[in-house]
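Overview (structure and organization)
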Amino acid sequence: MAIAPEHLITAYRLRWKRRRLLARAFARRRDLTSRIDRTAVIRPGDILGFSTVRNEAIRLPWFLDHHRGLGVSHFLMVDNGSDDGTTEYLAGQKDVSLWVTRASYKASRFGMDWLTWLQMRHGHGHWCLTVDADELLIYPYWDSRDLRALTHWLDSQNRPMFGAMMLDLYPKGPVADHPYAAGDDPLASLHWFDPAGYGIRIQQPMGNLWIQGGPRARLFFGAEPRRAPTLNKVPLVKWHWRYAYVNSTHSLLPPALNRIYATDGSEAPSGLLLHTKFLHTVVDRARVEQTRREHFSNSAQYDRYYDALTENPDLWCRQSRRLTTWRALESLGLMSRGGWV
Amino acid sequence: MTGASVPATHQAANGTLGFVMLCHTALHRAAETARHWAERGCPVVIHVDKRVQKWSVEKLQSDLADLTNIRFSERFACEWGTWGIVAATQAAAEVMLADFPSVRHVYLSSGSCLPLRPVKELIAYLDERPRTDFIESVTTEEVGWTIGGLNMERFTLRFPFSWRTQRWLFDRYVKLQRRIGFKRTIPNGIVPHLGSQWWCLTRQTLSTILQGPDRALYDRYFRRVWIPDESYFQTLVRQVSANVESRSLTLSKFDFQGKPHIFYDDHLQLLRRSDCFVARKIWPHANKLYATFLSDDAEGQAGGEPNPGKIDRLFSKAVERRVKGRPGLYMQSRFPHEHWENGRTAAPYSVFQGFSDVFENFEGWLGKVTGTRVHGHLFAPDRVEFAGGEAVFNGALSDSAALRDYNTKSFLANLIWATRGERQCFQFGPGDNQELNWFMALDSNAQISVISGAWAVPLFKSNLNFTDIRREAARLQKIELDHLSVLRNGAAKARIRIWNLAEFIENPMEPLQTIVDEISPRSLRRLTEAPRLTDLTGFGQFLQNLRNQGMQPVLMGDFPTTNDPRPSDSRRGRPYLVK
């Protein structure tokens, strides 16, 4: 099959981009100080979790338990200057290896440089799940089949990656009115979501999806939809040390890993990242983030967004759907079993 | 080892059924299954792939050391599609026949097989059919599956390269042999048969194959056949057995790529329903399946003839979902290229252009007559006019025009997807966002009805300066002309109807009847009441004024300058049908 020269040029550019990202990550490894390194217990075939966190003490117990239950054997985490006990909590977990840094989150590509380095060193040959502390991965059959089953099947299908869109969950009523304590099930109050209204397109040159929508687009970005948060992610990848995430886990290189979608009308397998951002803590957190300015660019639109969050908004509407089973989510077309029976 | 181990003295005496197990992974599960069978009086001969590490084999052997009716056979490397699997089967079967004289039926299974029904039911089933060989064996013409596009050529070409690891060389070499017309001769003129690897053969049949005078000849030939484990016994059984039941007693399902489906804990009920004796492949971590089916409590079911067909529907549905997807769905798993959508949208919908300009309260009337959701102008410039003026519609779609215009295709596809089961109708016009004109024209779910030139009616009734009216009329006319050329394109797949304003108001009932019948075909009742036509007195003069100002209205049809389009009477514009 003939390949157009511009494709070759693009491919060449992306290759260099990937190399730059790897070099960056390598240079940034000095940001990280190992707090506790238990990576010696990692065995071939283990599924690894990667995450950068900051002040997530309240979410971590449930977050870790959820992904442990799915079969993540070891978590490699970077703590970016927490002061709420996150560091101590993580250091005390037997299946966590912890690195700490006070360097800038933004300057390290929102933590991706650090994780890229850890993935380069420890992720090679493993299925790696890269998620934020406010994300809970689910997928078809997740309640009866763990990630070992999923990744074994993906291996048999020669699919080295698995896409999972972020599904923003919210409570009914103002978000701060549902207090949450560490260890609670966040889905006890966060169990509403937008069943449709997710806009989707393909972004070149990497060929990744660009999905935007959900309650944040509906409520906060009606005037400037382009800036609405990106929801598509590729959190689960059979890692090779030469891979690199580009923009959070929304896209990665080499580009073939972004092809989580089928283009011939068929359905590829996919899951969802239940996004527990809208715990009651989001209100105070928005205030902090607005002054810290370590997220996104300093656009007026984001200021309005953070302003709206500090005002304790209610994201619920009459058309919101209640979270029930994965089968319901699948039949709504939010994820797909893609041939897995 | 888990599971109750029975002291060797309590083992049941060896019976008429023996199992050959080919194992290569999850040996602890294979051990459980082997123990289950052995303790119930079925001798087991285990073959472990030569590539498995020594210590795991030793572990397996020591785990099963207390059982006297378990043997381990000579080990071969069993790479997929190669002779090793057949060699392993032969060696293990020979051990079975030699060491366990009581065995009448030999069941070939794998380490990832699991018995679904008590083994005594299987024994009883076989006792009723003591001379029958259960082996799927069909000729190459009848076979419904092919891997790599090869059927008969499996038997006539040579395959020195691995299909899995040297695909490029494999394909080239096949092509080369085809080109030069190379053909191996099939020994003794046997007719090649194919079928599932998992069989259950009688001692007589098996020993005839293994001890036959031509075995060396056949082995030499099949050693170079591609995937011989699916053809060696399947072919030779036809030479020696008069009683072949061409089906496998082992339930196994394959996906659209020909890879075996794996059974997990949540398949428990499904597996029970199948009434099959043995299933593969079982997920090694499926604790519930192993605990359930390897216990003796699994009895008490009626258990008739094995019926794998009962669960076929689930698998064919899964294949369909994987291969065809859900029409009209755009999401992270499915983002088809244009023309590959298998349905651009999820359900039929209706687009009305000009109707709400010509009729008063057209939306209310249409909703009442058809019982559907009737929206205003969904693509209006200022906001999305959802039915009932809602700010957020089904699926939590926002009425923000900016959000809609940011991705119009997603907006429409989402709306139709989110309202499946309830037909959507909406108004459209040249004043609206025109981005989707092609998308809708090419969508076989769309029913598009246009009264061309009707956009002039609101202008005619407006209180604008005539210069502005003329300018706006020129703009709208150009947009509608472009739209109409799209709709008239030969490639359009929507159900498209176009009238000009003059011909439409001449006889509005017939078009309305046609459209309504199409929307709700079951009702098929005559419309007794049409919506009220708006008053068009003076419209002809209005068009003439446009002409006089230098703008040529071409889409409305012929309106006489002086006369009103319809004879004015007391019931103006409310044409009750005369039957």
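In what follows, the structure referred to is the one given above.
Notes on the structure in this doc start here. (Residues numbered from 1 in each chain as written. Chains lettered and ligands numbered in written order. Predicted model: local features only at pLDDT ≥ 70, side-chain atom pairs only at ≥ 80, totals over all residues. Heavy atoms only, no water.)

**As for the overall build of chain A**
- Scanning chain A from N- to C-terminus turns up nine helices and 15 strands.
- For chain A, restricting intrachain contacts to residue pairs at least 6 apart in sequence, the fraction spanning at least 24 positions comes to 74%.
- Computed over 45 positive and 34 negative side-chain charges, the inter-centroid distance for chain A is 7 Å. (Helix = DSSP H or I, 4+ residues; strand = E, 2+ residues; numbered from the N terminus. Contact = heavy atoms within 4.5 Å. Lys, Arg positive; Asp, Glu negative; His and termini not counted. Charge placed at Lys NZ, Arg CZ, Asp CG, Glu CD.)

**Quick look at the nonpolar core**
- Among the nonpolar cores identified, the biggest contains 196 residues, and A:Met77, A:Leu147, A:Leu167, B:Phe355, B:Met440, B:Leu501 and B:Phe539 are the most heavily contacted of them.
- Three or more residues apiece are contributed to this core by two domains, here domain 1 (12-322) and domain 2 (349-548) of chain B.
- Residues contacting A:Leu167, with those up to four places away along its chain left out, are A:Phe193, A:Asp194, A:Tyr198, A:Leu272, A:Leu273, A:Leu274, A:His275, A:Leu329 and A:Leu334. (Core = buried A, V, L, I, M, F, W, Y, C linked by side-chain atoms within 4.5 Å. Buried < 20%, exposed > 50% of the residue type's maximum accessible area, 1.4 Å probe, protein only. Domains from an automatic or database assignment.)

**Let's talk about the pairing of strand S9 (residues 198-203) of chain A**
Residue and element names in this part refer to chain A.
- Strand direction decides the pairing type here: S9 and strand S10 (residues 208-213), joined by six bridges, are antiparallel. Residue Arg201 lies in a different strand from S10, and its bridge partner there is Trp210.
- Here S9 hands over to S10 after four residues, with Gly207 in that stretch at a positive phi of 70°. (Pairing = 2+ DSSP bridges.)

**Describing unusual backbone geometry**
- Of note, the bond from A:Gln204 into A:Pro205 is cis; its omega dihedral lies within 30 degrees of zero at 10°.
- Here A:Pro205 lies in the loop between S9 and S10.
- Not every positive phi belongs to a glycine, and B:Asp275 is a case in point at roughly 60°.
- Positionally, B:Asp275 belongs in the loop between helix H10 (268-274) and strand S12 (278-279).
- A positive phi is found at B:Ala396, a non-glycine position, where the angle reads about 65°.
- Examined against the element boundaries, B:Ala396 turns out to sit in the loop between strand S16 (392-393) and strand S17 (397-398).

**What about the packing of helix H14 (residues 362-370) of chain B against helix H21 (residues 509-519) of chain B?**
Residues and elements named next belong to chain B.
- The interhelical angle for the contact between H14 and H21, taken along N-to-C directions, is 50°, at an axis separation of 10 Å. What the angle tells us is that H14 and H21 run oblique. Here H14 runs over H21; the crossing is right-handed. Residues Phe362, Trp365, Leu366, Val369 and Thr370 of H14 pack against Leu512, Val516 and Ile519 of H21.
- Across the contact of H14 with H21, the residue classes tally to seven nonpolar, one polar and no charged. (Axes fitted to C-alpha atoms, helices over the stretch in contact; angles between N-to-C directions. Parallel < 35°, antiparallel > 145°, perpendicular 65-115°, else oblique. Left-handed = near helix turned anticlockwise from the far one by under 90°. Nonpolar A, V, L, I, M, F, W, Y, C, P; charged D, E, K, R; others polar.)

No statement about biological role is implied by the geometric values presented.
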